[in-house]
Amino acid sequence: MIKPTIPGLNIGDITIPVPIIQGGMGVGISGAGLASAVANEGGIGVISAVGLGLNEPDFKTHFKEANKRALQKEIRKAREKTSGLIGVNIMVALSDYDNLIEGAVEENADFLFLGAGLPLKFSEAFPPERLRSMSTKVIPIVSSAKAAKVIFNFWEKRFQHIPDGVVVEGPLAGGHLGFKPEQIDDPAHALEKLVPEVVTELQPYEQAFGKQLPVFAGGGLYTGQDIFNIMQLGARGVQMGTRFVATDECDADIRFKQAYIQSEKKDVTIIQSPVGLPGRAIRNQFLDDVSAGIKTPFQCPWKCLRTCDFQEAPYCIAVALTQAKDGHLQNGFAFAGANVWRIKEIVPVRTLMNTLIAEYQEAAQARHPANHVYSR
Ligand SMILES: Cc1cc2nc3c(=O)[nH]c(=O)nc-3n(C[C@H](O)[C@H](O)[C@H](O)COP(=O)(O)O)c2cc1C
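Cut-offs used in this document
In this numbering scheme, every chain counts its residues from 1 along its sequence in written order. Only residues with pLDDT of at least 70 get local features here, since the model is predicted, and only at 80 or more are side-chain atom pairs given and counted; chain-wide, interface and lining totals rely on the full set of residues. The side-chain quantities take in all heavy atoms of the structure and omit both hydrogens and water. Exposed residues in this analysis have more than 50% of their type's maximum accessible area, buried residues have under 20%, and partly exposed residues fall in between, with area computed by a 1.4 Å probe over protein chains only. The numbering of helices and of strands both runs from the N terminus, where a helix is a DSSP run of H or I of at least 4 residues and a strand a run of E of at least 2. When DSSP finds at least two bridges between two strands, those strands are taken to pair. Expected span of a helix, by definition, is 1.5 Å for each gap between consecutive residues, and there is one gap fewer than residues. Directions drawn from the helix axis to the C-beta atoms are what define this arc. Every residue pair with non-hydrogen atoms within 4.5 Å of one another is taken to be in contact. Near, as used in this document, describes a residue that has one of its heavy atoms within 4 Å of the molecule or strand being considered. Whenever two N or O atoms come within 3.5 Å, that pair is a polar contact, provided that in protein one can donate a hydrogen and the other can accept it, and provided that, for residues adjacent in sequence, both atoms are side-chain atoms. Using a 1.4 Å probe, accessible areas were evaluated by the Shrake-Rupley method; residue-level cover was limited to the displayed protein chains.

This brings us to the pairing of strand E11 (residues 215-218). Taking every second residue as pointing to the same face, both faces of E11 are buried, with Val215 and Ala217 on one and Phe216 and Gly218 on the other. Note that strand E9 (residues 166-169) and E11 share 4 bridges and pair parallel. Across the sheet, Val168 pairs through a bridge with Ala217, a residue of E11. Alignment of E11 against strand E12 (residues 237-240), held across 3 bridges, turns out to be parallel.

Pasting the structure below:
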């Protein structure tokens, strides 16, 4: 059957049939269930490596080993359900970042998406020759052309090698944001502005290394028309998070998904997370209590995030997000993108992907009537 699609692309030896990355969503929201469903539709399904070890018996005593083991189990679980593309999202700020990278590469993840910090250092297990030869592709997540430049410049000098592309995440995204609070509404930092800047920044590296460096754009993208528009500005694909939460296959509890459906525009808010970054979330009683100065005392035996000021933090972000993911929203809150309030129903991933593709097609035809794109 001929199926209309969005133009795919290759990264090295990997073919991406539909250039939609399902963004990694921490503490088990994007696990094997969601990632494999997206991969089965031709996109890149991404497992977030944050906090997966919580259910392992030795989490409290050996949290690094527990997290790595749990991540590897999750990748294997996804592989059982799909032969499509599976990536792993790892926050650079995690204190067990090195172990998680090792876990993902050992399992031959197709991609590593490295965000929440600049991926400049790798453990001794990853000397430059291993970075250059491994089949797993590395895609940093950045919020500016400057950050992309710092990463590529450093890699070129240190590893004589560069990453395989970039995700640019704009200020309308859900979750932690790589912007200062005053930059969030500043048009100078809008995604439409960032994408061409990053594309231009990478061009000299494409020439020097003789490889294409696709830029994927994310943050607030909602329709296939949005995908078309941002690709007209130079993106080769997109990363989307919020829309994938409201799917049957998303690994969060139904009450987490319902918080999305029930949200109104006025509920979408920016918080200052204990991690030291702003984040976008859906306002609820828990967050109102935090704003009112009410603290949820906690003990932190493992310090999962290097940047967390846990002695001053009013609550534990890992616990709050996990409670919300499990449906206990009275004990936590839901991260979400700026357009969450537009979501009205929970649909299968296949329906969402087909809708986005059809909307993209409509937008492409309206712009270029002769340019009908089909996959075969
Ligand atoms: C609930 C939730 C959790 C997220 N967790 C992470 C994470 O652990 N690591 C990360 O790099 N990005 C995280 N993100 C960002 C997404 O991967 C994605 O880039 C972003 O959601 C894109 O914007 P959109 O939600 O408007 O589509 C999260 C987003 C949401 C909504």
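To continue, consider helix H5 (residues 145-159). For H5, spanning 15 residues, the distance from its first C-alpha to its last is 20 Å, which sits close to the expected 21 Å at 1.5 Å a residue. Among all positions of H5, only Ala145, Ala147, Ala148, Ile151, Phe152, Trp155 and Phe159 are buried. Around the axis of H5, the buried residues are gathered within 160° of arc, so they sit on the same side. Turned more than 90 degrees away from the buried face of H5 sit Lys146, Lys157 and Arg158, all of them exposed. On its buried face, H5 is in contact with helix H4 (128-133), strand E8 (137-142), E9 and helix H6 (191-209).

Our focus in this paragraph is the side chain of Ser36. Here Ser36 lies in helix H1 (residues 32-40). For Ser36, a relative accessible area of 3% corresponds to the buried category. If we skip the residues at most four places from it in the chain, Ser36 touches Ala78, Lys81, Thr82 and Ile86.

This part covers the site of the ligand. Of all residues adjacent to the ligand, which total 23 residues, the nearest are Gly24, Glu169, Gly220, Gln239 and Thr242. Within the contact set of the ligand, an oxygen atom lies 2.8 Å away from a side-chain nitrogen or oxygen of Gln239. Here the ligand, which alone exposes 600 Å², has 93% of that area covered by the protein.

Geometric descriptors of this kind do not, in isolation, establish any biological role.
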